[in-house]
2 protein chains.
Amino acid sequence: MRTKADHFATDLNELATQAKALSHPARLQILQVIAQKESCICGEIVDDVPLAQSTVSQHLKVLKKAGLIQGTIDGPSVCYCLDPAALQLLRERFDGFLGDMIDESAATTC
Amino acid sequence: MRTKADHFATDLNELATQAKALSHPARLQILQVIAQKESCICGEIVDDVPLAQSTVSQHLKVLKKAGLIQGTIDGPSVCYCLDPAALQLLRERFDGFLGDMIDESAATTC
DNA sequence: TGACATAATCGTTATAAAGCGATAGAGGGA
DNA sequence: TCCCTCTATCGCTTTATAACGATTATGTCA
């Protein structure tokens, strides 16, 4: 694929990247599971999500790469938790992006 | 691809679908262009985005399918505009989803 | 009607993403 | 040490996405 990411503004690329991390229901559910459980062992996520262990692991990798979660090794298991600061930042970016757009487009009707 | 969308909650599927619409920098830029221009003729978008006309048309289709924009035929041209209500709804959904998660995860640190 | 402009669609190619089973590596306990 | 558990990675297949050029369809205007 000829992804012409270099032709777009940096902030648009970053926002698009984070939106992509949220663009799959399994990843959204994984985030919810991690948020709800007091502990966040990988195995529990696999139990709660209707996907194979290897697939869940891939999704976790995507979320980790996007900076939305972090995993720490806990003996034989891996404990995953959210990064509240990153989520808050993402929230603000989305809000800002959409908010600006809504303000500007208030007049435009076609 | 075996997209197991049916295995996930409806609201997660919908949010993921809309996030996917925002997951490409070209589409984000197109939204900005439409928001900024007072008129929103398709050709102007093509001029402002570093992609071929057919590619832009595809992106517009994705945005239209996601319900974020609408296009009305204006003679030989097509006038695109944002759907402020849809954008506002999306904004609130993101905000709610991320907000709930941040609240719940305040305690969880691993 | 004929020529031109605009935008959507088609056909094709290349890359990314999603999914799974199997394997590998790292710890912990018997 | 040996086995078991847990999770990441590999290899593979299937489907989706992105991109473009070429074509088609629809209007406008001379």
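Residues take numbers from 1 onward in each chain, read along the sequence in its written order. Chain A is the first chain written and ligand 1 is the first ligand written, with later ones labelled in order. It should be noted that, the model being predicted, local features are given only for residues of pLDDT at least 70 and side-chain atom pairs only at 80 or more, the latter also being counted only at that level, while totals for whole chains, interfaces and linings use all residues. Side-chain measures were taken over the full set of non-hydrogen atoms in the model, leaving aside hydrogen atoms and water.

Q: Would you mind showing me how to read helix α4 (residues 53-65) of chain A here?
A: Two residues of an α-helix separated by three or four positions point the same way, owing to the 3.6 residues in each turn. Residue and element names in this part refer to chain A. Comment: elements are numbered from the N terminus, with helices defined as DSSP H or I runs of at least four residues and strands as E runs of at least two. Each residue after the first adds 1.5 Å to the expected span of a helix. Helix length check: α4, at 13 residues, gives a terminal C-alpha distance of 18 Å against a target of 18 Å (1.5 Å per residue), a fit within 8%. Here the term buried applies to any residue with accessible area under 20% of the maximum for its type, exposed to any over 50%, and partly exposed to those in between, with areas from a 1.4 Å probe on protein chains only. For α4, the full list of buried residues reads Val56, His59, Leu60 and Leu63. Looking down the long axis of α4, one finds its buried residues gathered within 105° of arc, a one-sided arrangement. Away from its buried face by more than 90 degrees, α4 exposes Gln58, Lys61 and Lys65. Whether two residues are in contact is decided by their heavy atoms, any of which lying within 4.5 Å being enough. Each element contacted by the buried residues of α4 is listed here: α1 (10-21), α2 (25-36), α3 (42-48), β1 (69-74) and β2 (77-82). Trailing α4 by a residue or two, glycine 67 shows a phi angle of about 80°, which is positive. Relevant arc is that of directions from the helix axis to the C-beta atoms, nothing else.

Q: Where do I start with the interface of chain A and chain B in this structure?
A: Interfaces are often sized by the accessible area lost when the parts come together. The interface of chain A with chain B comprises 47 residues on the first partner and 47 residues on the second. The term buried area denotes the loss of accessible surface (1.4 Å probe radius) that occurs when two parts are joined, taken as the sum for both partners. Taking both partners together, chain A and chain B bury about 4300 Å²; carbon and sulfur atoms supply 74% of that area. In terms of surface lost to chain B, no three residues of chain A exceed Phe8, Arg91 and Cys110 of chain A, which account for 15% of the buried area on that side. One speaks of a salt bridge when a side-chain nitrogen belonging to Lys or Arg is within 4 Å of a carboxyl oxygen belonging to Asp or Glu. Remark: the boundary between chain A and chain B carries two salt bridges. Between arginine 91 of chain A and aspartate 95 of chain B there is a salt bridge whose closest N-O contact spans 3.1 Å. Definition of a polar contact: a pair of N or O atoms within 3.5 Å, with one able to donate and the other able to accept a hydrogen when the atoms are protein atoms, and with sequence-neighbouring residues admitted only if both atoms are side-chain atoms. Our count for the contact surface shared by chain A and chain B stands at two residue pairs in polar contact (both at pLDDT 80 or more). Only α1, α2, β2 and α5 (84-104) of chain A provide two or more residues apiece to the side of chain A that touches chain B. The element that contributes the greatest number of residues to the side of chain A that touches chain B is α5 of chain A, accounting for 13 residues. Residue composition of the side of chain A that touches chain B, grouped by class: 28 nonpolar, 12 polar and seven charged. Charged means Asp, Glu, Lys or Arg here, nonpolar means Ala, Val, Leu, Ile, Met, Phe, Trp, Tyr, Cys or Pro, and polar covers whatever is left, Gly included.

Q: Sorry if this is basic, but what is going on with the relation of the copies chain A and chain B here?
A: Both copies of the chain are tied together by a single rotation about an axis and a shift running along it. Copies overlap after least-squares fitting; the atoms used are the C-alpha atoms of residues with pLDDT of at least 70 in both. For the pair chain A and chain B, the superposition axis carries a translation of 0.0 Å, the fit reaches an RMSD of 0.1 Å, and the rotation angle comes to 180°. Accordingly, the operation relating the two chain copies is best matched by a two-fold axis. When the interface residues of chain A are mapped onto chain B, 100% of them again fall at the interface, so both copies present the same face.

Q: I'm lost on the pairing of strand β2 (residues 77-82) of chain B in this one. Help?
A: Here is the key point about a regular strand: its side chains alternate between the two faces of the sheet. Residue and element names in this part refer to chain B. Between any two strands, at least two bridges found by DSSP are needed for them to pair. Summarising the sheet, strand β1 (residues 69-74) and β2 pair through six bridges and their orientation is antiparallel. Bridge pairing in β2 places isoleucine 69 opposite leucine 82. Between β1 and β2, which pair antiparallel one after the other, the connecting turn spans two residues, and glycine 75 there sits at a positive phi close to 65°.

Q: Teacher, can you tell me more about the packing of α5 of chain A against helix α2 (residues 25-36) of chain B here?
A: Packed helix pairs are characterised by how far apart their axes lie and by the angle those axes make with each other. α2 of chain B packs onto α5 of chain A with a crossing angle of 30° between their chain directions and a minimal axis gap of 8 Å. Classified by the angle between their axes, α5 of chain A and α2 of chain B sit roughly parallel to one another. Between α5 of chain A and α2 of chain B lies a crossing of left-handed hand. Across the interface between the two elements, Phe97, Met101 and Glu104 of chain A from α5 of chain A touch Leu28, Leu31, Gln32, Ala35 and Gln36 of chain B from α2 of chain B. Of the residues contributing to the contact of α5 of chain A with α2 of chain B, the split by class is five nonpolar, two polar and one charged. Comment: axis = line fitted to C-alpha atoms, over the contacting stretch for helices; angle = value between 0 and 180 degrees taken between N-to-C directions. Here the word oblique covers every angle except those under 35 degrees (roughly parallel), over 145 (roughly antiparallel) and from 65 to 115 (roughly perpendicular). Each crossing is labelled by how the near helix is turned from the far one, with a counterclockwise turn of less than a right angle marking it left-handed and a clockwise turn marking it right-handed.

Purely geometric numbers; function is a separate question.
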